[in-house]
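Spelled out from the first residue to the last, the chains are:
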Amino acid sequence: MDMPVTPRFEGIWLPMITPLRGGYVDVDAAQALARYYRNAGIAGLVLFGSTGEGNLLSLSEKIDMAQAINSDPNALPLVLGAGGVDTRGVATAIRRLDKLRPAGFLVPPPYYLGPSQAGIQWHYRQIAWATDRPIILYNIPKRTGVTMTVETMETLASLPNFLAVKECDAPVLAALNARGKLDALCGDDLSLPDHWLAGGHGAIPAAAHLFPERHVEIMRLARAGQADAARALFEPLRGLIRLLFAEPNPAPIKRALAMQGLIADELRMPMMPASRELTPRLQRALGAMQALPSRLQTA
């Protein structure tokens, strides 16, 4: 296989939404979003995770969207989400997606089945046979119904493919950072300042779809040891972040992006658009953020 240089998943990797229009993937909008986030200082894109409605897309749709984004000679590196119930099916999909030469794969444990820790490890070992590329573990019990222990993650980290974990529980994230045996990527958006200030190297925050430059500046300030400035810049985002997760993700994010004219406000059923009641709350939160001084003035 064509093995890329082994990356360290540093900086902000955006779990990008999948823009839809008329029931189809809006490839033009996907390319425009990818350019927008590259120019904002985002380090890479994660496609087809839960924010990207990955379980509702066909394999051919995923390939077409990834190829369209990669057609830009200055395209950001891509991590591709690959999850499901059946280990063999996930491995087969990864073999197909591997031909796109992604920077890695974001892989959760099997959904719904509630496997033991030994079963989770078996699942990931089979996935490792399907690709030589880096694999990011994805610990998200709310979506999968099963929790990986720190011991399971660190056992898998002893294998060459497994370089990082996207961790969505703040105490576990802090524990992983303290232990230092596996790169922990922040998946809890409200914990971002604490993560950066604790020495965290990377994050996969859905909220960075909005005001990405501000998110990048918060990371820069925290890494530079300017804790007060980083926290001050992040504080106004808290209310908006809560709204983005007040209804099932990615509906509020898509509504907010549509308000900015970046995409159509469309999800794939059974995912539903954000409620009418959420719209004015998002409008107020976006307006309040836009009225703030720029990141450079604030910093």
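Predicted, not measured: the structure shown is a model, and the values here were computed from it.

Here we come to the overall build of the protein chain. Summing up its helical and strand segments, the protein chain has 14 helices and ten strands in all. In terms of C-alpha radius of gyration, the protein chain reaches 18 Å, essentially the compact-globule figure of 19 Å for 299 residues. C-alpha extents for the protein chain along the principal axes are approximately 50 × 45 × 40 Å. Counting contacts in the protein chain only where the partners sit at least 6 residues apart, residues at least 24 apart contribute 69% of the total. Just so you have it, the protein chain exposes about 12,800 Å², and 53% of that area is on carbon and sulfur atoms. Within the protein chain, one finds 30 positive and 27 negative side-chain charges whose respective centroids are separated by 1 Å.

Glancing now at the packing of aromatic side chains. Counting across every chain of the model gives three aromatic pairs. An angle of 55 degrees between the planes, with centres 4.8 Å apart, marks the rings of Tyr-36 and Tyr-37 as tilted.

The next point concerns the state of the cysteines. Evaluation of the coordinates by the stated rule reveals zero disulfides. In this structure Cys-168 is a free cysteine whose sulfur lies 8.2 Å from that of Cys-186, the closest cysteine sulfur available. A residue is classified by how much of its surface remains accessible, and Cys-168, at 24% relative accessible area, is partly exposed. Residue Cys-186 is classed as buried on the basis of its relative accessible area, which comes to 0%.

Structurally, the position occupied by Ala-203 is in strand S10 (residues 202-203). In this structure, the C-alpha to C-alpha distance between Ala-203 and Pro-15, residues 188 residues apart in sequence, is 9.7 Å. Discounting residues that sit within four places of it in the chain, Ala-203 has contacts with Gly-11, Ile-12, Trp-13, Leu-185, Cys-186, Leu-192 and Trp-196.

Attention now moves to the confidence of the model for the protein chain. Mean pLDDT over the protein chain: 93, with 96% of residues reaching 70 or higher. Across residues 1-6, where pLDDT falls below 50, the model places twelve contacts with residues more than four positions away in sequence or in other chains.

Right, let's talk about the pairing of strand S9 (residues 183-186) for a bit. With four bridges connecting them, strand S8 (residues 162-167) and S9 associate as parallel partners. Bridging across to S9, Val-165 finds its partner in Ala-184. Where S9 and S10 come together, two bridges link them in parallel fashion. Opposite Leu-185, over in S10, you have Gly-202 as the bridge partner. Between S9 and its parallel partner S10, the chain crosses via helix H8 (residues 192-197), and the hand of that crossover is right-handed.

Conventions adopted
- In every chain, residue numbers begin from 1 and rise along the written sequence.
- Local features are withheld for residues below a pLDDT of 70 in this predicted model, meaning they are given only at 70 or higher, and side-chain atom pairs are given and counted only at 80 or more; totals for whole chains, interfaces and linings count all residues.
- Hydrogen atoms and water are omitted, and side-chain values are computed over all heavy atoms in the structure.
- A run of DSSP states H or I qualifies as a helix once it reaches four residues; a run of E qualifies as a strand once it reaches two. Both are numbered from the N-terminal end.
- We take the radius of gyration over the C-alpha atoms and set the globule estimate at 2.2 Å times the residue count to the 0.38 power.
- Throughout, a contact is declared for two residues whenever any of their heavy atoms are within 4.5 Å.
- Here the Shrake-Rupley method, with its probe set to 1.4 Å, supplies the accessible areas, and only the displayed protein chains count as covering residues.
- Asp and Glu count as negative and Lys and Arg as positive, but His and the ends of the chain are not part of the count.
- To locate a charge, the coordinates of NZ of Lys, CZ of Arg, CG of Asp or CD of Glu are taken.
- Only centres within 6.5 Å qualify two rings of Phe, Tyr or Trp (six-membered ring in Trp) as a pair; their planes then separate them into stacked at under 30 degrees, edge-to-face at over 60, and tilted for everything else.
- The disulfide definition used here is simple: a pair of cysteine sulfur atoms within 2.5 Å.
- Each residue is assigned to one of three classes by its accessible area relative to the maximum for its type, calculated with a 1.4 Å probe on protein chains only: buried under 20%, partly exposed between the two thresholds, exposed over 50%.
- pLDDT measures how confident the predictor is about each residue, on a scale from 0 to 100.
- DSSP-based pairing: two strands are paired if at least 2 bridges between them are found.
- If the strands point away from the viewer and the path from the first strand over the helix to the second runs clockwise, then the crossover is right-handed.

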